[in-house]
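Report on the structure
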Amino acid sequence: MNNEQLNRMQSGKGFIAALDQSGGSTPKALVQYGIQESSFSNDEEMYTLVHEMRTRIIKSPAFDSEYILGAILFENTMDRKIDGLWTADYLWEKKQIVPFLKVDKGLAELTNGVQLMKPISNLDELLTRAVERNVFGTKMRSVIKEANAAGIREVVEQQFAVGIQIFKKGLIPIIEPEVDIYSADKTKSEEILKEEILKQLNALDKDVKVMLKLSIPTVNDFYSELMSNQNVVRVVALSGGYSREDANDRLAQNHGLIASFSRALSEGLSADQSDNDFNNTLKQTIKAIYDASIT
């Protein structure tokens, strides 16, 4: 584990850029960027186009460690290069931005009001490769749709079980049990979720470190108790479908909570923009997210 990166994640100012759209969400990300599905005919062409998009974001002068602490990558992005360097090495060596890797394989079917992670069949091999690529940490997502206590407990138990396996490989896991922002009982789900997370945290050895990525809570500062836990490096927020402006407004009401946005980060960017327009749009977006993250 890189202690300089750990210290940066624990105490640095800024937010985490989520650049981890995978197979299912990549076409949507490209369409949002102005590249239609007719522009590619297979996965390799699609991933090449999305890597070009991510490379443009990462290499932009607006994508700067003054505002951005870390970046979450998809496996395919980790295994590609920018200017001759593996993407994770480029992020750290050229930008001083801490690299993370999305490791989950998507969501299982809805059961007990939740969607667990699908089995990660190649996890050990993937983690070994991540260590070789100088990745600092990982991220994995589950979804909570209803305030079902049994379902939420199962989500949290699965997340922490995999998280401990990741930590033992020398990486810091970002545990992400997302509460659907459109859930009719979102507040109750968050109450159950926090209770289950605290149970798992209290059972950890004191040297185990995790990060938490959570939906922006309905009740402001609801996750303050999690932020002060000795096992938690940082608590970050996903935008969850909120517009950038709405997500920033909500984030600013939660002291100590920092952003880890994907859709909200790339909103307004287009393949057709000139470099000047692209960089200015990205700069404004990054500054707005940063301002909301340092309250």
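In this report, the structure presented in the accompanying data block is examined.

Cut-offs applied
Residues numbered from 1 in each chain as written. Predicted model: local features only at pLDDT ≥ 70, side-chain atom pairs only at ≥ 80, totals over all residues. Heavy atoms only, no water. Buried < 20%, exposed > 50% of the residue type's maximum accessible area, 1.4 Å probe, protein only. Helix = DSSP H or I, 4+ residues; strand = E, 2+ residues; numbered from the N terminus. Pairing = 2+ DSSP bridges. Expected span 1.5 Å × (residues − 1). Contact = heavy atoms within 4.5 Å. Phe/Tyr/Trp six-rings, centres within 6.5 Å; stacked < 30°, edge-to-face > 60°. Lys NZ or Arg CZ within 6 Å of the ring centre and 35° of its normal. Arc of directions from axis to C-beta. Polar contact = N/O pair within 3.5 Å; in protein donor to acceptor, adjacent residues only side chain to side chain. Salt bridge = Lys/Arg side-chain N within 4 Å of Asp/Glu carboxyl O.

Attention shifts here to the pairing of strand 1 (residues 15-19). Most of strand 1 sits out of view: five of its five residues are buried. Both strand 1 and strand 2 (residues 68-73) contribute to a ladder of five bridges, which runs parallel. The residue bridging Ala17 from the neighbouring strand is Ala71, located in strand 2. Note: strand 1 against strand 11 (residues 258-261), two bridges, orientation parallel. By the bridge assignment, Ala17 is partnered in strand 11 with Phe261.

Let us now look at helix 8 (residues 186-202). The terminal C-alpha atoms of helix 8, which comprises 17 residues, lie 24 Å apart, in line with the 24 Å expected from a rise of 1.5 Å per residue. Within the sequence span of helix 8, burial applies to Lys186, Ser189, Glu190, Ile192, Leu193, Lys194, Glu196, Ile197, Leu198 and Leu201. In the core, the buried residues of helix 8 are packed alongside strand 7 (137-144), helix 7 (149-168), strand 8 (172-179), strand 9 (210-215), helix 9 (224-227) and strand 10 (232-238).

How two aromatic rings sit relative to each other is set out by the distance from centre to centre and by the angle between their planes. Tallied over the entire structure, the rule returns five aromatic pairs. Where Phe100 meets Phe136, the ring centres are 5.5 Å apart and the plane angle is 90°; that geometry is what we call edge-to-face. With a gap of 36 residues between them, Phe100 in strand 5 (residues 98-102) and Phe136 in the loop between helix 6 (123-132) and strand 7 connect regions that are remote in the sequence. You can call Phe100 buried: its relative accessible area is 0%. On the numbers, 5.3 Å between centres and 65° between planes, the contact of Phe222 with Tyr223 is edge-to-face. The residues Phe222 and Tyr223 share a single accessibility class, namely buried. When the ring centre of Phe278 is taken as origin, the NZ or CZ atom of Arg56, which lies over that ring, is 4.0 Å away.

Time to look at helix 1 (residues 3-11). Those residues of helix 1 not exposed but buried are Gln5, Leu6, Arg8 and Met9. Each buried residue of helix 1 lies within a common arc of 160° when the element is viewed along its axis, so the set occupies one face. Exposed side of helix 1, more than 90 degrees from the buried face: Asn3 and Ser11 are the residues found there. Buried positions along helix 1 lie against strand 1, strand 2, helix 5 (87-95), strand 5, strand 9 and strand 10. Sitting at the amino-terminal end of helix 1 is Asn2, which places a side-chain oxygen 2.9 Å from the backbone nitrogen of Glu4.

Here the focus is the pattern of salt bridges. Under the definition given, this model contains 20 salt bridges. Glu75 is paired through a salt bridge with Arg129; the nearest N and O atoms lie 2.5 Å apart. Remark: Arg129 occurs in helix 6 and Glu75 occurs in helix 4 (residues 75-78); sequence separation between them is 54 residues. Between Lys139 and Glu176 there is a salt bridge; the shortest N-O distance is 3.2 Å. Separated by 37 residues along the polypeptide, Lys139 in strand 7 and Glu176 in strand 8 bring together distant segments of the chain.

Time to look at the environment of Asp89. With respect to the secondary-structure elements, Asp89 resides in helix 5. The class of Asp89 is buried, set by a relative accessible area of 12%. Each residue touching Asp89, except ones within four places of it in the same chain, is listed here: Lys94, Arg133 and Asn134. One polar contact links Asp89 to Asn134, side chain to side chain, over a distance of 2.9 Å.

Everything listed here is a matter of geometry and, on its own, says nothing about what the molecule does.
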